[in-house]
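The lines below spell out each chain.
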Amino acid sequence: MGGGRAFGGGGQQSNPFGDPYQAQEQQVRVDTALARTALRTANEVKEMGAATLLELQSQAEQIDRIEGNVERIHARLNETNTLLRGIESLPAYIGNKFKKDKKQPPPVVDPPDRTIKVERTVKPMDIEILCKNKDDSFTPALLRLFKDSFQCIDPTSGRCLQPEYAWNYDFIDCVVMRARHEHMDIRFHPPRDRFRLMSSYLQVITNELVLRAPKDKVKVVFEPGVRTFAYKDPRISMQPTVSRATATTGFVRNDARQKTSDLLSAGADAQLRKDLDETDNCIDEISDALSIMNDQALTARSEIIRQTEQLDRVNNRVDDANARIRQQNRRMEDIMRD
């Protein structure tokens, strides 16, 4: 990763004849200990999040056991109600005799699996394109690639350029590199119309569509005279072009950005390069830990909402059971008086 690194000052070294930038580099020292401390703190917080999810899982299993016990109480109350009806009424008593032989044991219900899995948030990939309209004019747009689908997006509004410009990957029949410079057709299974575009990133688009679609379902066609290129390789989309290497938008992924040490001159101190690389790695790991913590928080929130709804349901069933117990107690008192 390239931008925003924090450096500390070091000792002065004289370099009257060398490159002034190299002289400045020799004065820079990187506080790797601070980076390691920050990473250790981030990992500790991440572990606390994981421990919280384990507690929520244990709590969910306990709530399931409570709910199971409440339902068993209701089953017993049903049996008690049948017996009371037999005592209160002769026809009910005779009916119970006939039903006794047909009585089935309550079904055994396996408790649900309450293992909490953190769903990692995957940001969509945006690739700049020119959308080719039906009248052969062009509209600047973004091809936004999600996990299971992709869309042609208006970069200003963030919405689809046209309502039909949203597809699943399994809709694709083939991707055609046209003889016209940097033109591509994405052709779908009938009855969907083809989607035409122009872009400098046809290799990346092709690569991502093939990788994201069901295995071996997308055909890639090069019209005569079109130079072929490699695809079906995740590394292709991780290699930014020279013109995009320092961009903050577009298709460049975080793991493809330039390292800070690459910005140093050829004669820079080897220890400085090593320290910068270590700091870069720490920052990348901290960024990944923060992303995991965010996903943990979202998962915990979802689970807490589910458990709250389940507890409300259990509380209502407990209230119903209490009401039934009071009613049956009154009926038994009436029977005893009679």
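For the structure, check the block above.
Keep in mind that what you see is a predicted model, and the values were worked out from it rather than measured. (Residues numbered from 1 in each chain as written. Predicted model: local features only at pLDDT ≥ 70, side-chain atom pairs only at ≥ 80, totals over all residues. Heavy atoms only, no water.)

S.K.: I'd like a rundown of the packing of aromatic side chains, residues and numbers included.
M.R.: Summed over the entire model, instances satisfying the criterion amount to eight aromatic pairs. Seen in terms of ring centroids, Phe-150 and Trp-167 are 4.9 Å apart; in terms of plane orientation they differ by 35 degrees. Their pairing is tilted. Of the two residues, Phe-150 sits in strand β5 (residues 149-153) while Trp-167 sits in strand β6 (residues 166-168), which places them 17 residues apart along the sequence. Taken together, a centroid distance of 5.3 Å and an interplanar angle of 20 degrees make the contact between Phe-150 and Tyr-169 stacked. (Phe/Tyr/Trp six-rings, centres within 6.5 Å; stacked < 30°, edge-to-face > 60°. Helix = DSSP H or I, 4+ residues; strand = E, 2+ residues; numbered from the N terminus.)

S.K.: So what's going on with the pattern of salt bridges? Residues and values would help.
M.R.: Side-chain pairing between opposite charges can occur once the charged atoms of the two side chains come close. Within the structure shown, the criterion is met by 16 salt bridges. Between Arg-144 and Asp-126 there is a salt bridge whose closest N-O contact spans 2.7 Å. Here Asp-126 lies in strand β3 (residues 125-132) and Arg-144 lies in strand β4 (residues 138-145), a separation of 18 residues in the sequence. Taking relative accessible area as the criterion, Asp-126 reaches 18% and is therefore assigned buried. Across the pair Asp-185 and Arg-187 runs a salt bridge, and its minimum N-O distance is 3.2 Å. Judged by its relative accessible area of 2%, Asp-185 is buried. Arg-187 sits in the partly exposed class, given a relative accessible area of 30%. (Salt bridge = Lys/Arg side-chain N within 4 Å of Asp/Glu carboxyl O. Buried < 20%, exposed > 50% of the residue type's maximum accessible area, 1.4 Å probe, protein only.)

S.K.: Can you explain the sheet that holds strand β9 (residues 195-198)? Please cite residues and give values.
M.R.: In space, the eight strands of this open sheet follow the order β6-β5-β4-β3-β9-β8-β7-β10, with mixed pairing throughout. In this open sheet, the two strands that pair with only one neighbour each are β6 and β10 (219-222). Neighbour to neighbour, the strand axes of the sheet diverge by 30 degrees on average, direction disregarded. (Pairing = 2+ DSSP bridges. Axes fitted to C-alpha atoms, helices over the stretch in contact; angles between N-to-C directions.)

S.K.: Before we move on, can you summarise unusual backbone geometry with the specific residues and values?
M.R.: Geometrically, the link from Pro-190 to Pro-191 is a cis peptide bond, its omega value of 10 degrees lying close to zero. Tracing the chain through its elements places Pro-191 in the loop between β8 (183-188) and β9. For Lys-232, which is not glycine, the phi dihedral falls at a positive 65 degrees. Structurally, Lys-232 is set in the loop between β10 and α5 (270-337).

S.K.: Pulling in residues and values, what's your account of the pairing of β5?
M.R.: Of all five residues in β5, four are buried, a share of seventy percent or more. As consecutive antiparallel partners, β4 and β5 are separated by three residues. Here β5 pairs with β6 via three bridges, running antiparallel. Following the sheet pairing, Gln-151 is matched in β6 by Ala-166.

S.K.: I'd love a proper account of the side chain of Asp-295, names of residues and values included.
M.R.: Within the secondary structure, Asp-295 is located in helix α5. Leaving out residues up to four positions away in the same chain, Asp-295 has contacts with Val-118, Glu-119, Arg-120 and Thr-121. (Contact = heavy atoms within 4.5 Å.)

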